[in-house]
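Commentary on secondary and tertiary structure
Here's the letter readout for the chains.
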Amino acid sequence: NMRNSDKPLSNSITETNVSEPPSKKNDAFIKKFEPSDTELKDILESSDSDTELKAKADAVRRRIFGDKVYIRGLIEFTNYCKNDCFYCGIRHGNNKSHRYRLSKEQILDCCRDGYGLGFRTFVLQGGEDEYYNDEIMCDIISSIRSESPDCAITLSIGEKSRETYKAFFDASANRYLLRHETADYDHYSKLHPRNMSLENRKRCLFDIKEIGYQVGSGFMVGSPFQTTECLIEDLRFLQQLDPDMIGIGPYLTHRDTPFKNQKNGSLDLTLKLVALLRLMFPYALIPSTTALGTIAPNGRELGLKAGANVVMPNLSPTDVRKDYELYENKICTGEEAAQCRGCLEQRVKSAGYRIVTDIGDSPNFKNRRI
Ligand code: SAH
């Protein structure tokens, strides 16, 4: 009577995949774990601690990335949003949210601070704020570029037209993060108002990829009404998109949303999914997210041990941090950028890894270009 944890996971992640020493030559031979739906359901619904899964994920990440952890400086530059996603604390309908916008100069200051601290990727994230039209956004992007020619500029500002994505790319943005949130059409409609659609979200992601960005997607774990089947669809969609970056985190509740009485997602399920993602997408850049650090004090360390290889500390000015409140109890809202950087250095080290300051382009993307 075998427990799930005792069953071999699959022939596709055997010793030969993970036990050889790292080298440029055999990097190319790391096979993707390609589980069946039944296998996925077994893994996702088992109640054990997934020690074997996480160990395999860590072995794969070490073979490709060693003990490197890439850092990205997150600049949350506006919490105005025209959308009304039911789970999100900065949704348009939340009139208790204290709204702010950063000016171009403020954003450039964040980048300058970040550069001095070793950051070579800046992530501009925000609500869907129409104040930042194409002209303003392109000016911000090219200004960052002229000050930091050796940095990656990542955008995470939601759904736009193909033309707008192209304009941002031409202004020299390199990467775009847009979580699909859920790949199940019915589930999508339970998390979003009727004017938003999974179809458009997917269209955006394929446009972003075709234009030439490094593309990131992902989903929340344990969002209201999510089932195992939803999660399987999430993984299948990601296989179809083949993203360079995959961000996941537990759903966390917010008092001023329609989901205020819903439960938080689970730490264990999120970690299990991080491990699965590493095995299914060996070359992906996978952050150990702020939401993971919020649900458990050592959540980000556990995320790294389960296969994540990126951390994204906050570079936003301290006085606006509390206002970018996607969910309650968000961590690191009090510290200065330098403090966050120092704190993370220690945390990453204690987990057994090492922060590097490389630009950290996606190996998946590089392979696509050759
Ligand atoms: N407007 C941008 C950025 C959204 S915020 C966009 O649409 O892409 C970044 C991510 O935070 C979202 O994609 C979502 O997955 C996550 N998020 C939002 N509300 C959350 C909540 N209550 N709990 C956990 N994660 C949440």
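Summarised in this report is the structure supplied together with it. (Residues numbered from 1 in each chain as written. Predicted model: local features only at pLDDT ≥ 70, side-chain atom pairs only at ≥ 80, totals over all residues. Heavy atoms only, no water.)

**Brief notes about the overall build of the protein chain**
In terms of helices and strands, the protein chain carries 16 helices and nine strands. With the C-alpha coordinates of the protein chain rotated into their principal frame, the extents come out at 60 × 45 × 40 Å. Looking at the protein chain as a whole, 59% of its 370 residues qualify as buried. Across the protein chain, contacts joining residues at least 24 apart in sequence account for 75% of those joining residues at least 6 apart. Taken as a whole, the protein chain presents about 15600 Å² of accessible surface, with 50% of it coming from carbon and sulfur. Charge centroids of the protein chain, computed over 52 positive and 53 negative side chains, lie 2 Å from each other. (Helix = DSSP H or I, 4+ residues; strand = E, 2+ residues; numbered from the N terminus. Buried < 20%, exposed > 50% of the residue type's maximum accessible area, 1.4 Å probe, protein only. Contact = heavy atoms within 4.5 Å. Areas by Shrake-Rupley, 256 points an atom, 1.4 Å probe, with all protein chains shown as cover. Lys, Arg positive; Asp, Glu negative; His and termini not counted. Charge placed at Lys NZ, Arg CZ, Asp CG, Glu CD.)

**What about the site of the ligand?**
Around the ligand lies a shell of 18 residues, among which Tyr87, Gly126, Arg179, Glu181 and Leu252 are the nearest. Within the backbone of Leu252, a nitrogen or oxygen atom sits 2.7 Å from a nitrogen atom of the ligand. Its residues placed into classes, the shell around the ligand shows ten nonpolar, five polar and three charged. (Near = heavy atom within 4 Å. Polar contact = N/O pair within 3.5 Å; in protein donor to acceptor, adjacent residues only side chain to side chain. Nonpolar A, V, L, I, M, F, W, Y, C, P; charged D, E, K, R; others polar.)

**Points about the sheet that holds strand β4 (residues 152–156)**
Strand order in the open sheet formed by six strands is β2-β3-β4-β5-β6-β7, with parallel pairing between adjacent strands. Where the open sheet ends on each side, the last strands, each with one partner, are β2 (73–78) and β7 (245–250). Neighbour to neighbour, the strand axes of the sheet diverge by 20° on average, direction disregarded. Pairing analysis gives three bridges linking strand β5 (residues 175–177) to strand β6 (residues 214–221), with the strands arranged parallel. Bridge pairing in β6 places Tyr176 opposite Val215. (Pairing = 2+ DSSP bridges. Axes fitted to C-alpha atoms, helices over the stretch in contact; angles between N-to-C directions.)

**Quick word on the pattern of salt bridges**
One pass over the full model with this rule turns up 32 salt bridges. The partner of Lys104 in a salt bridge is Asp139, with the nearest N and O atoms 3.0 Å apart. Here Lys104, found in helix α5 (residues 104–116), pairs with Asp139, found in helix α6 (residues 134–147); they are 35 residues apart in sequence, far enough to count as distant. Here Lys166 and Asp170 are joined by a salt bridge, their closest N and O atoms 2.9 Å apart. Linking Lys166 with Asp170, this pair stays in helix α7 (residues 162–170), spanning four residues, or about one helical turn. (Salt bridge = Lys/Arg side-chain N within 4 Å of Asp/Glu carboxyl O.)

**Things to note about the nonpolar core**
Formed by 104 residues in total, the largest nonpolar core has its most connected members in Leu155, Leu273 and Leu276. Residue contributions to this core peak at ten residues, all from helix α11 (residues 267–280). Setting aside its immediate chain neighbours within four residues, Leu155 contacts Leu124, Met137, Ile141, Phe168, Ala173, Arg175, Tyr176, Leu177 and Tyr213. (Core = buried A, V, L, I, M, F, W, Y, C linked by side-chain atoms within 4.5 Å.)

**A few points about the pairing of β7**
Across the six residues that make up β7, a large majority, six, are buried. Every second residue of β7 is oriented toward a common face, with Met245, Gly247 and Gly249 on one face and Ile246, Ile248 and Pro250 on the other, all of them buried. Relative to β7, β6 is paired through six bridges, and the arrangement is parallel. Paired with Phe219 across the strands is Ile248, a residue of β7. With respect to chirality, the unit in which β6 leads through helix α10 (residues 228–241) into the neighbouring parallel β7 is right-handed. (Right-handed = clockwise from strand over helix to strand, strands pointing away.)

**Regarding helix α3 (residues 37–45)**
When we look at burial in α3, the residues that qualify are Leu40, Ile43 and Leu44. Viewed end-on, α3 has its buried residues packed into an arc of 95°, placing them on one side of the element. Each element contacted by the buried residues of α3 is listed here: α4 (51–65), α10 and α11. (Arc of directions from axis to C-beta.)

**Details of the environment of Thr333**
Summarising the element assignment, Thr333 is placed in the loop between α14 (318–321) and α15 (337–351). Once the C-alpha coordinates of Thr333 and Leu178 are considered, the two residues, 155 residues apart in sequence, prove to be 23 Å apart. Apart from the residues lying within four places of it in its own chain, the contact partners of Thr333 are Thr318, Arg321 and Lys322.

**Considerations on the side chain of Thr289**
Residue position: Thr289 is located in the loop between α11 and α12 (290–295). The class of Thr289 is buried, set by a relative accessible area of 9%.

**Here's the deal with α7**
Along α7, the residues classified as buried are Thr164, Tyr165 and Phe168. Along the axis of α7, the buried positions cluster into a sector of 100°, meaning they face one direction only. In α7, those exposed residues whose orientation departs by more than 90 degrees from the buried face are Glu163 and Asp170. On the buried face of α7, the contacting elements are α6, β4, β5 and α9 (198–211).

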